[in-house]
Amino acid sequence: MSLSGAWYLGLAAVVFSIGTLGLLVRRNVLVMFMCVELMLNAVNLTFVTFSRMLNDIGGQALVFFTLVVAAAEVVVGLGIVVAIFRRRRGATADDFHIMRG
Amino acid sequence: MTLLFAATTVDALTFAISAAIVLAGAVGVVVARNPVHAALMLVMTLFGVAVLFVEQQANFLAAVQVIVYAGAIVVLFLFVIMFLGVDREENVEEEPLRGQRPLAVVLVVLGLAGVLLLGFGAHWSVGARSVAGASRNQSGGDVAALGRSVFTTYLFAFEVTSALLVIAVVGAVVLARRPGGIRPGPDADADAPATLAPAAGSGTTGQDHDERASADGDAGVAAGDDAVTGVRAESESESESESESESEEVSR
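Residues numbered from 1 in each chain as written. Chains lettered and ligands numbered in written order. Predicted model: local features only at pLDDT ≥ 70, side-chain atom pairs only at ≥ 80, totals over all residues.

Caption draft 1: Quick look at the overall build of chain A. Broken down by element type, chain A carries three helices and zero strands. The secondary structure elements of chain A, listed N-terminal to C-terminal, are α-α-α. Sorting the 101 residues of chain A into buried and exposed places 55% on the buried side. (Helix = DSSP H or I, 4+ residues; strand = E, 2+ residues; numbered from the N terminus. Buried ≥ 20, exposed ≤ 12 C-beta atoms within 10 Å, placed from the backbone.)

Structure, rendered in structure tokens:
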């Protein structure tokens, strides 16, 4: 018998908040991506916890799809970063203001 | 906290240790100045979450978590970090948008406090088990239950996922392409297959595809100027073969 789901949900909320904080505070695009991965993982943990609490496999199936979407997102996102790097050096979000307008 | 005492000591201890690992890794991602350190901290968090998955009897997802996230996504991150040479330390004192960081901290703390208050203080309902949903406790364990669910209830979503992966691969190829297309020249035959490999090889098996792409990647590096194209092809084929191995595991 594992711990009550509330503990897992609380932990997931904290990890999600840390990811949000990192996304807002950091300026390195790659680190910002990692923070998005943190948030996705927190949501995955929530899904698995609810899957256990409600005894429904649907939560785990959703985690499966989240993983695929995360993989696709990373591939396209890093492709964009590499494409921008060909034109100018610098990995902070401020360096991308040339994309404005 | 009667909730805590319902669990055995081992479970409580496992949760405490892995929660500490997860939180330390998450904080490390945010505060690490060096992107490589941040990526390694991310691996730590991912392993901690995998342990929590096992603790909740989601064994298959724990394995997929380690293989896909720690084995593929973080490697892709490290690859790009090394490839672009951005593993310098970031100057965190510099703050171009004044007041952004305090504001971010305040907003996040407020949001977290709100969620935790509503979740625990107000005893928010977590809903009831749906009548339509498939049970977790089926014969064959969580792999069988998950496979049955993915290929019956979520079949359409599964098919859409395949379309999403193809679109991601095509998008990455388009992004990696040089503007102006492939130049004719001595390195043209090193360039052309590397660009076409992921799109043309979508029907082949994962291993076959991987081999071809990495061979093309080597050719691209050897050509020197075209390293970018070869490298992109390699990383794309990695994500595609990983998704293929995922679907193989589900069907088994």
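Picking up after the structure, the text goes on.
Caption draft 2: Expanded view of the overall build of chain B. On a plain count of helices and strands, chain B comes out with 10 helices and zero strands. Starting at the N terminus, the α and β elements of chain B follow one another as α-α-α-α-α-α-α-α-α-α. For chain B, buried positions account for 32% of its 252 residues. Within chain B, residue pairs in contact and separated by at least 24 positions form 57% of the contacts whose partners lie at least 6 positions apart. (Contact = placed C-beta atoms within 7 Å.)

Caption draft 3: Fine view of the interface of chain B and chain A. Taken together, the contact pairs 82 residues of chain B with 67 residues of chain A. Elements supplying a minimum of two residues to the side of chain B that touches chain A: α1 (2-6), α2 (9-31), α3 (35-55), α4 (59-84), α5 (100-121), α6 (141-151), α7 (155-176) and α10 (227-251) of chain B. Per-class residue counts for the side of chain B that touches chain A are 55 nonpolar, 17 polar and 10 charged. (Nonpolar A, V, L, I, M, F, W, Y, C, P; charged D, E, K, R; others polar.)

Caption draft 4: Spotlight on helix α1 (residues 5-25) of chain A. With 21 residues, α1 of chain A extends 30 Å from end C-alpha to end C-alpha; this agrees with the ideal 30 Å at 1.5 Å per step. For α1 of chain A, the tally of buried residues reaches 15 of 21 residues, placing the bulk of the element in the interior. (Expected span 1.5 Å × (residues − 1).)

Caption draft 5: Expanded view of the nonpolar core. Core analysis: the largest hydrophobic core is formed by 75 residues, its most contacted members being Ala12, Val15, Met34 and Ala71 of chain A together with Val29 of chain B. Inspection of this core shows a minimum of three residues originating in each of domain 1 (8-88) and domain 2 (142-251) of chain B. Beyond its immediate stretch of four places on either side in the chain, methionine 34 of chain A contacts Val29, Ala38, Ala39, Leu42 and Phe77 of chain B. (Core = buried A, V, L, I, M, F, W, Y, C linked by C-beta atoms within 7 Å. Domains from an automatic or database assignment.)

Caption draft 6: Highlighting the packing of helix α2 (residues 29-53) of chain A against α4 of chain B. One can describe the packing of α2 of chain A onto α4 of chain B by two numbers: an axis separation of 12 Å at closest approach and a directional angle of 175°. Here α2 of chain A lies roughly antiparallel to α4 of chain B, going by the angle between them. Residues Leu30, Met34, Glu37 and Val48 of chain A of α2 of chain A pack against Leu61, Ile73, Phe77, Val80 and Ile81 of chain B of α4 of chain B. Classifying every residue of the contact of α2 of chain A with α4 of chain B gives eight nonpolar, no polar and one charged. (Axes fitted to C-alpha atoms, helices over the stretch in contact; angles between N-to-C directions. Parallel < 35°, antiparallel > 145°, perpendicular 65-115°, else oblique.)

Caption draft 7: Geometry of the environment of glutamate 37 of chain A. Here glutamate 37 of chain A shows up in helix α2. In the structure, glutamate 37 of chain A is positioned 34 residues away from alanine 71 of chain A in sequence and 9.8 Å away in space, judged by C-alpha atoms. Excluding residues that lie within four positions of it along the chain, glutamate 37 of chain A makes contacts with Ala70 of chain A together with Leu42 and Ile73 of chain B.

Caption draft 8: Up close: unusual backbone geometry. Despite not being glycine, asparagine 55 of chain A shows a phi value in the positive range, around 50°. Here asparagine 55 of chain A is to be found in the loop between α2 and α3 (58-87). Overall, asparagine 55 of chain A belongs to the partly exposed group, with 14 C-beta atoms counted inside 10 Å. One non-glycine residue, glutamine 57 of chain B, lies in the positive phi region at around 60°.

Caption draft 9: Molecular detail of the environment of phenylalanine 77 of chain B. Here phenylalanine 77 of chain B is to be found in helix α4. Residues phenylalanine 77 of chain B and serine 18 of chain B lie 59 residues apart in sequence; the distance between their C-alpha atoms is 23 Å. Residues contacting phenylalanine 77 of chain B, with those up to four places away along its chain left out, are Leu30 and Met34 of chain A together with Ala39 of chain B.

Caption draft 10: Geometry of the packing of α2 of chain B against α3 of chain B. Residue and element names in this part refer to chain B. With their axes 8 Å apart at the nearest point, α2 and α3 run at an angle of 155° to one another. Comparing their axes, α3 and α2 come out roughly antiparallel. Crossing angle aside, the handedness with which α2 passes α3 is left-handed. Judged by residue contacts, Asp11, Thr14, Phe15, Ser18, Ile21, Val22, Ala24, Gly25, Ala26, Gly28 and Val29 of α2 engage Ala38, Met41, Leu42, Met44, Thr45, Gly48, Val49, Val51, Leu52 and Glu55 from α3. Residue classes in the contact of α2 with α3 are distributed as 13 nonpolar, six polar and two charged. (Left-handed = near helix turned anticlockwise from the far one by under 90°.)

Caption draft 11: Representation of α3 of chain B. Over its 21 residues, α3 of chain B extends 30 Å from the first C-alpha to the last, a length consistent with the 30 Å expected when each residue adds 1.5 Å. Downstream of α3 of chain B by a residue or two, glutamine 57 of chain B has a phi angle that is positive, lying close to 60°.

Caption draft 12: Structural view of the confidence of the model for chain A. When the pLDDT values of chain A are averaged, the result is 85; 84% of them are 70 or greater. Across chain A, element-level confidence peaks in α2 of chain A with a mean pLDDT of 92 and bottoms out in α3 of chain A with 88. (pLDDT = per-residue confidence, 0-100.)

Caption draft 13: Local environment of the confidence of the model for chain B. All names here are of chain B. Here chain B averages 73 in pLDDT, and 56% of its residues register 70 or above. Of the regions scoring below 50 in pLDDT, residues 187-252 engages in 109 contacts with residues more than four places distant in sequence or in other chains. Both scores are given for the predicted complex: the pTM is 0.73, the ipTM 0.90.

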